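# Chains, contacts and geometry: an overview
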There are 2 protein chains.
Amino acid sequence: MTIMGTVANGAEAGGPKKTAEGAVVRDISSYSPVQGSRLEHKPPLPSVFHSNFRISHGPPSSAAGNAAEIEKLFPCLFGQPSVQLRPSERAAYNADQKLKIGVVLSGGQAPGGHNVIAGIFDYLQEHAEGSILYGFRGGPAGIMRNKVLVITEEFLFPFRNQGGFDIICSGRDKIETPEQFLQAEQTVKTLDLDGLVVIGGDDSNTNAALLAEYFRSRNLKTHVIGCPKTIDGDLKSSHVPISFGFDTACKIYSEMIGNIMVDARSTGKYYHFVRLMGRAASHITLECALQTHPNVAVIGEEVNAHKQTLRQVTNTIADVVCKRAAMGKHYGVILIPEGLIDFIPEIQHLIAELNEILATSVCDEAGHWKEKLAPPCRALFVSLPHNIQEELLLERDPHGNVQVARIETEKMLISMIETELLARKHEETFAGTFKGQAHFFGYEGRCGMPTNFDATYCYALGFAAGSLLHTGQTGLIASIGNLTAPSTDWTVGGTALTELMDVERRKGKFKPVIKKAMVELDGAPFKKFVSLRDQWAVEDSYLCPGPIQFSGPTANDTNYTLKLELGALDV
Amino acid sequence: MTIMGTVANGAEAGGPKKTAEGAVVRDISSYSPVQGSRLEHKPPLPSVFHSNFRISHGPPSSAAGNAAEIEKLFPCLFGQPSVQLRPSERAAYNADQKLKIGVVLSGGQAPGGHNVIAGIFDYLQEHAEGSILYGFRGGPAGIMRNKVLVITEEFLFPFRNQGGFDIICSGRDKIETPEQFLQAEQTVKTLDLDGLVVIGGDDSNTNAALLAEYFRSRNLKTHVIGCPKTIDGDLKSSHVPISFGFDTACKIYSEMIGNIMVDARSTGKYYHFVRLMGRAASHITLECALQTHPNVAVIGEEVNAHKQTLRQVTNTIADVVCKRAAMGKHYGVILIPEGLIDFIPEIQHLIAELNEILATSVCDEAGHWKEKLAPPCRALFVSLPHNIQEELLLERDPHGNVQVARIETEKMLISMIETELLARKHEETFAGTFKGQAHFFGYEGRCGMPTNFDATYCYALGFAAGSLLHTGQTGLIASIGNLTAPSTDWTVGGTALTELMDVERRKGKFKPVIKKAMVELDGAPFKKFVSLRDQWAVEDSYLCPGPIQFSGPTANDTNYTLKLELGALDV
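The residue numbers shown here count from 1 along each chain, following its written sequence. For this description, chains carry letters from A and ligands carry numbers from 1, given in the order in which they are written. Per-residue local features are limited, in this predicted model, to residues with pLDDT of at least 70; the limit for side-chain atom pairs, both in listing and counting, is 80 or more; totals at the level of whole chains, interfaces and linings are taken over all residues. Only hydrogens and water are set aside; all other atoms, that is, all heavy atoms of the structure, feed into the side-chain values.

## A few points about the overall build of chain A
Along its length, chain A carries 20 helices and 15 strands. The reference for a compact globule is 2.2 Å times residues^0.38; the radius of gyration itself is calculated from the C-alpha atoms. Computed over its C-alpha atoms, the radius of gyration of chain A comes to 25 Å, within 12% of the 25 Å expected for a compact globule of 571 residues. C-alpha extents for chain A along the principal axes are approximately 80 × 60 × 55 Å. Only protein chains enter the accessibility calculation, which uses a 1.4 Å probe; a residue whose area is less than 20% of its type maximum is buried, one above 50% is exposed, and one in between is partly exposed. Relative to its full complement of 571 residues, chain A shows a buried share of 62%. In chain A, once contacts between residues fewer than 6 apart in sequence are set aside, the share between residues at least 24 apart is 78%. Only the protein chains shown count as cover for residues, with accessible areas throughout obtained via the Shrake-Rupley method and a probe of 1.4 Å. For chain A, the exposed surface amounts to about 21,200 Å²; the carbon and sulfur share of it is 50%. Positive residues here are Lys and Arg, negative ones are Asp and Glu, while His and the chain termini are left out of the count. Every charge is mapped to an atom, namely NZ of Lys, CZ of Arg, CG of Asp or CD of Glu. Counting 54 positive and 64 negative side-chain charges, chain A places the centres of these two groups 2 Å from one another. Here a strand is any run of E in DSSP of at least two residues, a helix any run of H or I of at least four, and the numbering for each starts at the N terminus. We call two residues contacting when some pair of their heavy atoms lies within 4.5 Å.

## Remarks on the relation of the copies chain B and chain A
Relative to chain A, chain B is turned by 180° and slid 0.0 Å along the rotation axis, the superposed coordinates differing by an RMSD of 0.0 Å. A rotation of that kind, with that shift, is consistent with a two-fold axis. Both copies contact each other with a shared surface, as 99% of the interface residues of chain B are interface residues in chain A too. Here the copies are superposed with least squares, the fitted atoms being C-alpha atoms of residues at a pLDDT of at least 70 in both.

## Regarding the sheet that holds strand E2 (residues 83–87) of chain B
Residues and elements named next belong to chain B. The criterion for strand pairing is that DSSP finds at least two bridges linking the strands in question. Read across the open sheet, the nine strands follow the order E1-E2-E13-E12-E7-E6-E3-E4-E5; overall the sheet is mixed. Looking at the sheet topology across the chains shown, the edges are occupied by strand E1 (53–57) and strand E5 (148–150). This sheet shows a mean twist of 30° between the axes of neighbouring strands, independent of strand direction. Of the strand pairs in this sheet, strand E3 (residues 100–105) and strand E4 (residues 132–136) are connected by four bridges, and their pairing is parallel. Note on E4: the bridge partner recorded for Val103 is Gly135. Each axis is a line fitted through C-alpha atoms, taken for helices only over the stretch in contact, and angles between the N-to-C directions span 0 to 180 degrees.

## Focus: the side chain of Thr292(B)
Residues and elements named next belong to chain B. Structurally, Thr292 can be placed in helix H9 (residues 283–292). The class for Thr292 is buried, based on a relative accessible area of 0%. Residues within four places of Thr292 in sequence aside, it is in contact with Ser254, Ile257, Gly258, Met261, Leu335, Ser541, Tyr542, Leu543 and Pro545.

## Focus: the pairing of strand E13 (residues 491–496) of chain A
Residue and element names in this part refer to chain A. Summarising burial for E13: five of the six residues are buried, a large majority. As judged from the two bridges shared by strand E2 (residues 83–87) and E13, these two strands associate in the antiparallel manner. Within E13, the residue paired with Val83 across the bridge is Gly494. Pairing analysis gives six bridges linking strand E12 (residues 476–481) to E13, with the strands arranged antiparallel. Counterpart to Ala478 in the pairing with E13 is Gly494.

## Overview of the interface of chain B and chain A
Opposite the 67 residues of chain B that make contact, chain A presents 67 residues. For the chain B and chain A pair, buried surface summed over both sides reaches about 5,300 Å², with 53% attributable to carbon and sulfur atoms. Accessible surface is computed with a 1.4 Å probe, and the buried area is the amount of it that two parts give up when combined, taken over both parts together. Of all residues in chain B, Arg265(B), Tyr443(B) and Glu444(B) bury the most surface against chain A, accounting for 12% of the area lost on that side. By definition here, a salt bridge exists when the distance from a side-chain nitrogen of Lys or Arg to a carboxyl oxygen of Asp or Glu is within 4 Å. Put simply, chain B and chain A have six salt bridges between them. Among the salt bridges present, the one from Glu408(B) reaches Lys411(A), with a minimum N-O distance of 2.7 Å. Any pair of N or O atoms that falls within 3.5 Å is considered a polar contact. Within protein, one atom must be able to donate a hydrogen and the other to accept it, and sequence-neighbouring residues count only if both atoms are side-chain atoms. Counting across the interface, chain B meets chain A through 29 residue pairs in polar contact (both at pLDDT 80 or more). Elements with a contribution of two residues or more to the side of chain B that touches chain A: helix H1 (33–39), helix H8 (246–267), strand E11 (436–441) and helix H17 (443–446) of chain B. Top element by residues in the side of chain B that touches chain A is H8(B). It accounts for 10 residues.

## Let's talk about the packing of aromatic side chains
Whether two aromatic rings pair depends on their centres lying within 6.5 Å, for rings of Phe, Tyr and Trp, where Trp uses its six-membered ring; planes under 30 degrees apart make the pair stacked, over 60 edge-to-face, and the rest tilted. Applying the stated criterion to the full structure yields 38 aromatic pairs over all chains. Geometrically, the ring pair formed by Phe529(A) and Trp536(A) is tilted, given 5.9 Å between the ring centres and 55° between the ring planes. Taken together, the ring pairs connect Phe49(A), Phe53(A), Tyr93(A), Tyr123(A), Tyr459(A) and Phe463(A) into an aromatic cluster. In this analysis the charged atom, NZ for Lys or CZ for Arg, is taken to sit over a ring once it is within 6 Å of the ring centre and within 35 degrees of the ring normal. Lying over the aromatic face of Phe440(B), Arg275(B) brings its terminal NZ or CZ to 4.1 Å of the ring centre. A cation sits over an aromatic face here: Arg505(B) above Phe510(B), 4.5 Å from the ring centre.

## Structural notes on the pattern of salt bridges
Pairs can form between side chains of opposite charge whenever their charged atoms are close. All names here are of chain A. Enumeration over the complete set of coordinates arrives at 58 salt bridges over all chains. Glu69 is the salt-bridge partner of Lys72, the closest N and O atoms lying 3.1 Å from each other. Taken together, the residues span about one helical turn, with Lys72 and Glu69 both in helix H2 (residues 67–73) at a distance of three residues. Residue Lys72 is classed as exposed on the basis of its relative accessible area, which comes to 58%. For Glu69, a relative accessible area of 18% puts it in the buried group.

## Re the UniProt feature "binding site: diphosphate" (unreviewed entry) in chain A
Residue and element names in this part refer to chain A. Per the UniProt record, "binding site: diphosphate" (unreviewed entry) is annotated on Gly108. Structurally, Gly108 is set in the loop between strand E3 (100–105) and helix H3 (113–127). Gly108 gets classed as buried once you look at its relative accessible area, which sits at 15%. Leave out the neighbours within four places in its chain, and Gly108 touches Phe165, Arg172, Lys229 and Arg446. UniProt positions are given in the numbering used here, feature names are shortened, and annotations may be inferred rather than shown by experiment.

## Comments concerning the sheet that holds E13(A)
Residues and elements named next belong to chain A. Taken together, the nine strands give an open sheet; going across it, the order is E1-E2-E13-E12-E7-E6-E3-E4-E5, and neighbouring strands pair in mixed fashion. Each end of this open sheet is capped by a strand with a single partner; those strands are strand E1 (53–57) and strand E5 (148–150). Pairs of neighbouring strands in the sheet enclose a mean axial angle of 30°, with direction left out of account. Strand direction decides the pairing type here: strand E6 (residues 195–200) and strand E7 (residues 223–228), joined by six bridges, are parallel.

## Here we look at the environment of Ala20(A)
With respect to the helices, strands and loops of the structure, Ala20(A) is situated in the segment before helix H1 (33–39). Along the backbone, Ala20(A) and Thr152(A) are 132 residues apart, and their C-alpha atoms lie at a distance of 9.1 Å.

## Things to note about unusual backbone geometry
All names here are of chain A. Notably, Cys169 is not glycine yet its phi reads approximately 60°, a positive angle. Considering the arrangement of structural elements, one finds Cys169 in the loop between helix H5 (153–156) and helix H6 (178–191). The phi dihedral of Asn219 is positive, around 55°, even though this residue is not glycine. Checked against the element boundaries, Asn219 lands in the loop between helix H7 (202–217) and E7. Of the residues examined, Asn219 reaches a relative accessible area of 72% and is grouped as exposed.

## Here's the deal with the state of the cysteines
Only a pair of cysteine sulfur atoms within 2.5 Å counts as a disulfide in this structure description. Taken as a whole, this structure holds zero disulfides over all chains when the rule is applied. Looking at the unpaired Cys458(A), the closest cysteine sulfur is the one in Cys227(A), lying at 8.3 Å.

## Things to note about the nonpolar core
Across soluble globular proteins, you tend to see nonpolar side chains buried next to one another. One finds Ile117(A), Tyr253(A), Ile257(A), Ile117(B), Tyr253(B) and Ile257(B) to be the most contacted residues of the largest nonpolar core, which totals 194 residues. In this view, Ile117(B) contacts Val103(B), Leu105(B), Leu133(B), Ile151(B), Leu156(B), Ile167(B), Ile168(B) and Ile199(B); residues no more than four positions away in its chain are not counted. Note on terminology: a nonpolar core comprises buried Ala, Val, Leu, Ile, Met, Phe, Trp, Tyr and Cys residues joined through side-chain atoms within 4.5 Å. The next biggest cluster of nonpolar side chains, apart from the first, holds 45 residues, and it includes Val296(B), Val298(B), Cys322(B) and Ala537(B).

## Examining the packing of helix H8 (residues 246–267) of chain A against H8(B)
Where H8(A) meets H8(B), the axes come as close as 12 Å, and the angle between the chain directions of the two elements is 150°. Considering their axes alone, H8(A) and H8(B) lie roughly antiparallel with respect to each other. Helix-helix and strand crossings are classified by hand; for H8(A) and H8(B) the assignment is left-handed. Here Ile252(A), Glu255(A), Met256(A) and Asn259(A) of H8(A) lie close against H8(B), whose contacting residues are Ile252(B), Glu255(B), Met256(B) and Asn259(B). Throughout this entry, Asp, Glu, Lys and Arg are counted as charged residues, while Ala, Val, Leu, Ile, Met, Phe, Trp, Tyr, Cys and Pro are counted as nonpolar. The remaining residues, Gly among them, count as polar. Tallied by class, residues from the contact of H8(A) with H8(B) come to four nonpolar, two polar and two charged. Angles are sorted into four bins: roughly parallel if under 35 degrees, roughly antiparallel if over 145, roughly perpendicular if 65 to 115, and oblique for all others. Note: crossing handedness is left-handed where the near helix turns anticlockwise from the far helix by less than a right angle, and right-handed where it turns clockwise.

## Some thoughts on the side chain of Asp234(A)
Inspection of the secondary structure assignment puts Asp234(A) in the loop between E7 and H8. Excluding residues that lie within four positions of it along the chain, Asp234(A) makes contacts with Ala280(A), Ala281(A), His283(A), Lys515(A), Lys516(A) and Ala517(A).

## Observations concerning the packing of H8(B) against H9(B)
Residue and element names in this part refer to chain B. For the pair H8 and H9, interaxial distance at closest approach is 9 Å and the crossing angle is 50°. Comparing the axis directions of H8 and H9 gives the class oblique. Crossing geometry of H8 relative to H9 is assigned as right-handed. Of H9, the residues touching H8 (which contributes Phe246, Cys250, Lys251, Tyr253, Ser254, Ile257, Gly258 and Met261) are His283, Ile284, Glu287, Cys288, Gln291 and Thr292.

Structure representation (structure tokens):
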């Protein structure tokens, strides 16, 4: 019994329907009306795919940092140019060539993944008929163990424009050790692969580059192309303007935030604290703020740049509560990035000390263990709400570390602000009421049906990946540009993965990494936010984006981050 | 400074724009694209409003129970017939009459409230030009204190088809004491009101009937009409097929649940426990189950009817987890009604004992106070997870009672199932893994933009309320029928509020109440659910309804509960 293809209503007396290759075909007869209508949606392609195209090479590439070390780590690939597809009279590829391509989904889910696969599939159908597309099941482990299925139109169709990664599922394994690279080599040899498409975030694309380098060094014919995926929006560069999934996830969260804002204003008695997924960077919080105009949005990168303490963060929010109370408003909406704790230096110190202490001793009931904490850490620890203290002590991962993502930061802030406001009440600097409501939005957004933007973008990424492999490219990440123009005018190319890389020193060795793109404090989205937030704090500028529409005048809108970063909106 | 009309971007140098009557006009220039597009939406009306209409009276009405007592409580109104609007050559009303009508929003928010007000307003514009519509601000308190504004097209327009109750806000006050009735009398006399429309749930409509009776007994000209509002779906009868807001709220929750299901299946490692708003009845949970096909949906009424213990509820879910584990599935989605705890008799006993004990003594650290609990209650209490014990002890309302709605039932169940599965692991009847994720969906749904169904239904309710007042009716609740047909074929009428009533004995007196409509275990929606749930438990029949669409083929769909109850879908 596999996880895939077990939609119940398809289970007839003879069992579920299967493709000629044995893959279970998902039954769509029980799809919801919207799911059904999305199956028929055909994302429009960039015009370069309407005709023949050729490959135009850019200048030699370098690296995002430590080019000399990157060159050592990628002797075959380093310096290769990025490429662009250009319309041409003659095709740059052999239309008679039958390719064998593998595709893998890696890491957390993001809306649109199915459309990348559909794009690769349709590219092959249109430009290299008779090709085979393999799907590796369950992420990179599927490559190592050669867990694979053949993707046919019949198998693929039920997933077109649908959310989730369930067509072949994903996984978080990495191909790291020499043995694992050998396993991957074995698989691509067994399947006789011409190409492999890795759909993933920063880590997965780093892995894609290492595989590309390895396969080339072994003189294998298998080329590797990456695709930028993550709702967090922290995989981007000058040539990769956005990762897919960010648009949909932010719109889903913003729908909910907008609804809560209307509720807050109608009811007039709650402060809603909304923690938003997005661990490393605060792009999601920033985008949702631009879409909804909350009273406060905490941007982790700013907290970190100003080395703010937890108390400073708390006080900033408490100040807004007091200002609003003076205006007779006892309600509001506050957005908090999931990774806030990671951005506050003093909490990082506390967690490090706790990890150290608890690795060697237990927490005695009387609390004597706390004496081992350095005085500033101890003061911080005892200032935290009781339940957060418990979470810090109890919730540990298998390595004995605090599971920061499980800490309910929104509840912690509510509790600390309650304490702060009580103090201000005694000082008679606050005379209002404060009731907090906590929310966490995460899973709701990772698997939503992709917006038209993500559906179209992903489909184009799939076509890009197909065309790059078809023209013999390797070690590139598919990159679609000019994204604020109509999709026919989007540019298509591939960016050298090594150009996105820097090195980090780990266990005495240099390791290549694609640096996470954090919120830039001098970037247009943050500047726009800063120009408006004081107004948002006290006035109710709440905006209600409403549910994502797939047709009608608003259906093809993108997001503020993209429009501001690409200069399509003024700061 | 008022809560209303403070949209920031409207604040020009000269302050926000106001109507001639002084009400702040909300600035729509900063609305989101979807908000903007909804402003232009014109809900279609039942065809009876396309021409002249007359009033057709039904037979004398009775009561839902204790008719003799209801008659004593409503000597003027009892027995009056319900009415239907019928097309006719001559109008049943005087088109030259200029009416003065007041409207009030009462209780929790539900999507569509603004459209009821728009419906009343447009009815008056079309059929009684020159009439005045007053909006009472902040709920029934606004009636008692004569806090009122004049609703003009300019003021109303920004709220058309928008979520929330923020046009005039709502409140939870009741008009109960003789002094309060006198205050209301004073207000309707001051404003010279011909009619009052009360938009609310069961309590508010009971209050509407009492007001109608009181005004008539005092020979005031002010008539009173109710409108059925509550996302909980527990205000309905044979003539009031559904309360407004239920459709939108369930679709918003189901969108999120569907997304989480796709996530669960794609990731394969979490059981998501989703607690859904809807305190008294489990209609929302049942409807969301029909829309999404979860592995388990707990229906409070069933738990109560079978006098299930918390352990039985826990074990039912644990059994499904075990069955699925045996199939290699370590993920799932479980829906839980917010009011679950209210349905479990043993927990009710425990809470009653706790309220009693804690009213007179404190909880000593050593736990000796627990000895005051009766043995079954004590056993139940100590079996509860630590944090739930704390919530039971700490979270009390101003009356000293446990705040049941604040108890995180979903976390309690996760914790208890963990314990149960650990025991089964030791007994070797469970060999899988179980990781719970907790969610609560409530506020997100109460203030969403109304679906086309709710927008149209509410607009028709507003027209109905206007027409009933215009034709001299009182003590009725606006009732729209034939709701599964196209909206032009909907029937329009008013149902005698006393017909929905029974009495309850409170403080030695009979009090009239509109009984909450609970999930009927022999009703079509529950039967449909029962016929499918065993399949849903083990197979992944997950359905992803996707975001609410306002245009396209799926935009006018209603919900399963309505379709099944009205026989438009087979069980």
